[in-house]
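# A closer look at the structure
This is what each chain is made of:
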Amino acid sequence: MFVYLMGTLYMYYQAYAVDLVDLGDDQAGTPYIAELLVESNVTVQAETILSLFDTVPNLQVEDASGTFHTVTLFESVLSVECRISEDEYYCHCSDGYIWSNEVCYNFNCCNESACKHNVLTITPFCITKGQVHLSGTSTLNRTTWDSNKTEQLETAFRGLNGFEQLNITGLRLSNRTVDFEVDLSVKFEMSRLQGIVSTLEASLGAVFSINSVGMVTIESTEPSVPYMSESTLKCTFEEASSSSGWKITRMDECLPLYNGSVVKLDSSCATKEYKSCTSLTLHNLTSVWTGTYECEFSSGSIRHTATTELRVEPLPEDIVMTAKPVTVACSNRTANVTVDITATIYNDSNNYEVRWSYKGGNEMQSAADSLGYYFKVIISCKKTTEAHYVTVTFKNNKDQEKSARLKIPVIYEGDKFCEEDDLWPKTPGGDTVIKQTCPEGRVGYESRTCTGNKWQSVFSKCVSRHLFNLSRAAENFMTGQGATPEAAVAIFRGLRNSSMLHSNSSGRMADLTASIRILELMANASESNTLQNSVLPDFIHAASNMLDQTWDGGNNTSVIHDMSSNFLRSVEGLVKNIQINSEEGFITHNLALNLCPGGHCEVTMFNIMINMNKTSGLSKILGVKNLTDKLLNNFPDMVPSPILISASLENKEESFLQISLEFAKEQPNSGKPLCVFWNSTGRWSEEGCTAKRDTGNSTLCVCNHLTAFSALWFNSGKSPATLSKITTVGLSVSICSLIIFLMSQFLVWSAVVKTNLSYFYHTVLVNIAGFLLLANCSFLVSSMINLSKHPPWCVIVTVCKHLFFLATFCWMLCLSFVLVHHLIFVFNPLRKKVFTFLSSMVGYACPVFIVGFTYMYCKYSNQDYYDENCWLVFKKPLQGSLCSFLLPIGTITFTNLCCVVIVIVSLMKTPGPDSSKADHKETAKSILKVVFFMTPVFGLTWTTGLLLYTVDRNTLFFTIMDYSFCILNSFQGVFILLSGCFAEQKVREELLKLITVYSKRTHENIKQPPHA
């Protein structure tokens, strides 16, 4: 009797479809095994039996539940033949087949040997030969490799079914590390290979790592896909594994793939048959995604891999078009000018169909070489309103197209234009010229606009090559290519190093824009790929260094607004998504990060107290300096706090959340404060935030959500607008008045300075007027020009205002001392040498010392000397550089006030018994004169400014004092002119004499007849 067991039966696609509907996904595509038993006393040819299936179109298959399915046979193969004689069996596999693992490991019938056991109970008996390749590495702990160990290694791997050969491919590390390869013809169970490896590691004292090829099945949609299309790759493995992953290899570069903007990984596709599964979906594919894709499943030291090729039909990534000449200058209307156009695509050697067109007309072919594609166009000088442009179109093998356009500026006869300037060609008004060259070490382009017949400033997009490479790395990281923790650390470390370098003025903004773009890319990447705690120090320092740089957008403030908004959004996103493993915060010059695990959170950063009511979760609180002045301010009459606080809560949803922030005031202000947050539209918003308390020193804000917060105040340096106008007008009038005063003193000096006392008095007045003139000029410059974008000039103006106002008050102190000394020590007058020495020390040396000491102290103690208004900084009482101004002038003002009181008391001495009412009236007049004329000269009007720091800003009294201070002190020069010139009888008389003499001479010159 002969038994023929007929091999694996496959179904047509229709049969698979029936399985998907009837049997479910777990059984879809399962091959069926048919057994054919032939009882005969004669030899039956296998071919004869197989030919019977040709007459059977369909078979009915019954599953375990009793349901019948119709399947269609399309192939039948003889895989095993058995001869059974009573209890004796003799079976062998056909050519191209090998015993299955079940037969091998249960009956010791392995490879292609005959089997004398009853294997009829096992299905399948024989399986198709395959190709499984193992490549491994073994590192010995103590000894070196020798032939005995090779024999031991081969013996161990012979225990795998389908073993064919083992080869030693190399020895390394002083013969302690060996590389080997094993070829098998059948798949194996991972547990069996792991057992072999464990036995070898124990017996050899070695560590093994093994990669297999042929165990994993990889599927792809198609090997070649269109540009910007989508493709899905899928890998399956019969056994469970501990991890899975994908890699791409291109141009000798192997990069692991992670979730990103292009890459989407999914490991939830496992079934009962395939216990390990991973799929890779790629979106918006470009040519950089052409390469070899490898999937892997790992368990311990064993990796199972499979590879496939994927080609993305390319289109040029960047098309750079240039024209020669860059602009067309028409000398007459009848001329024609030929322009050579070049289109260059860098790092792209693919073949494209290239077409050109001029002004959207008929398309034409062009010449090409290794440097680019070329086209000639003839420009007519006949004047027209139509724009001249050339379009180039690239077409790939899948009929996809990509175009670029170049506008050719034309200067017609009589048009306005900008003359050639260095490397910038003659350009018609209203056009912008792009120069595709950058200084050495930079990548990008420069552009320049001609307005009318004047060139505008050069706009540079030339980025340092280091930042350009970092941008490319960040773009790849965001897409998912090579997005490893080590790559993230390298990107942020490179950004930190770059932020510490000082670019020249032309490249500073380009580098800053590129740096913010890198932050934005990494923030987007962190949404799908968690960043580890290791990137935090470099990230915080890099962001802080960016805020130390000069943000200069020229006349286009929207550029700064967009940059600062992108910066804030990126920094917030990174802080939120970085996985922080410690509770320690980070602090730099401009950024501070505090972490609050658990419940209630109470922290202080940059002198701002923050309280957050929460039940659990990790809260991240970020403080940012030097940013709010760069953000768009949609409350023009108010200025924000220089500190911005951003708060986020990690992995916890709170039903009720409240955060309170107490912002310290920088300067005196008026009006109701606003508590605001930076919303998603890029503006300040009050929604959900309330100002609960406002004092002279701080504002308490309470909000019911988490985001970036700040406080807005009316500031005397910027608002309200009425005060700004009063200040500008008052200072202008005062400057003119002080100039007139100094000129009048120069004219009458010899006539009025007759005694030491008059010398002392007029010397002090001239110094007061001179320093006040310089101070007012400095103040007017800083109020009319925004110097905050130019720190060096802002420092100079701040020092000038600080020095000149202090010197003015010091000379006022000299005047009060001279006056009191004259009243008290009538018979002991002050000598000129003593006066000169003391007044020089007080009026010149003291202000210089105070200003110099304050500046050096702030510089070396890392404190701010000036703010965005180019004035001294006020933090709180006795803190901040403004204290070095308030304390001296407060002391001097108080001293001068005492001197005025002494003068008034001396005038009010009780008259004699024979005094009349007229004497009392004269005394009252004298007192009024003293009060009226000496108050501005002694700086007593500044007492209103000192009171602003002690009065509640929300009261009417504060507003009155605010306007009083503004009016009295902005017009102080006028009062000095009145009191020191027109109120002084001798000065007034001398001026009248000079005017009279000048009038007479002019009159005589007019009457005198002309010479014959």
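Right above here is the structure, for reference.
These remarks concern the structure in this document.

Thresholds, definitions, all that
Residues numbered from 1 in each chain as written. Predicted model: local features only at pLDDT ≥ 70, side-chain atom pairs only at ≥ 80, totals over all residues. Heavy atoms only, no water. Phe/Tyr/Trp six-rings, centres within 6.5 Å; stacked < 30°, edge-to-face > 60°. Helix = DSSP H or I, 4+ residues; strand = E, 2+ residues; numbered from the N terminus. Buried < 20%, exposed > 50% of the residue type's maximum accessible area, 1.4 Å probe, protein only. Expected span 1.5 Å × (residues − 1). Core = buried A, V, L, I, M, F, W, Y, C linked by side-chain atoms within 4.5 Å. Contact = heavy atoms within 4.5 Å. Pairing = 2+ DSSP bridges. Axes fitted to C-alpha atoms, helices over the stretch in contact; angles between N-to-C directions.

Inspection of every chain in the model, using the stated rule, returns 22 aromatic pairs. Centroid distance tryptophan 424 to tryptophan 455: 6.4 Å. Interplanar angle 50 degrees. Geometry classified as tilted. Of this pair, tryptophan 424 sits in the loop between β33 (417-418) and β34 (427-428) while tryptophan 455 is found in strand β38 (residues 454-455), placing the two residues 31 residues apart along the sequence. Like tryptophan 455, tryptophan 424 is buried. Between phenylalanine 771 and phenylalanine 804, the ring centres sit 6.4 Å apart and the planes meet at 35 degrees, which makes this aromatic pair tilted.

Further remarks concern helix α6 (residues 465-479). Every α-helix winds through 3.6 residues per turn, so residues three or four apart in the chain are directed the same way. Here α6 is 15 residues long and its end C-alpha atoms lie 21 Å apart, about the 21 Å a rise of 1.5 Å per residue gives. If you check which residues of α6 are buried, you get Leu467, Leu470, Ser471, Ala474, Phe477, Met478 and Thr479. Of the residues trailing α6, glycine 480 is marked for its positive phi of about 120 degrees.

Further remarks concern the nonpolar core. Within the largest apolar cluster, 59 residues are counted, with the highest numbers of intra-cluster contacts made by Leu519, Met522, Leu531, Phe539, Phe567, Val571 and Leu574. A total of 11 residues in this core trace back to one element, the largest contributor, which is helix α8 (residues 505-526). Setting aside residues no more than four positions away along its own chain, leucine 531 makes contact with Phe477, Ala488, Phe492, Met522, Ser526, Leu574, Asn577, Ile578 and Gln579. The next biggest cluster of nonpolar side chains, apart from the first, holds 47 residues, and it includes Leu731, Trp811, Val851 and Leu882.

Below, the discussion takes up the sheet that holds strand β21 (residues 276-282). Spatially, β15-β17-β21-β20 is the arrangement adopted by the four strands of the open sheet, whose pairing is antiparallel. Two strands bound the open sheet, and with one partner strand each, they are β15 (217-220) and β20 (263-266). Across the sheet, the axes of successive neighbouring strands diverge by a mean angle of 15 degrees, strand direction being ignored. Strand direction decides the pairing type here: β15 and strand β17 (residues 231-237), joined by four bridges, are antiparallel. Looking across to β17, one finds that threonine 217 is bridged to threonine 236.

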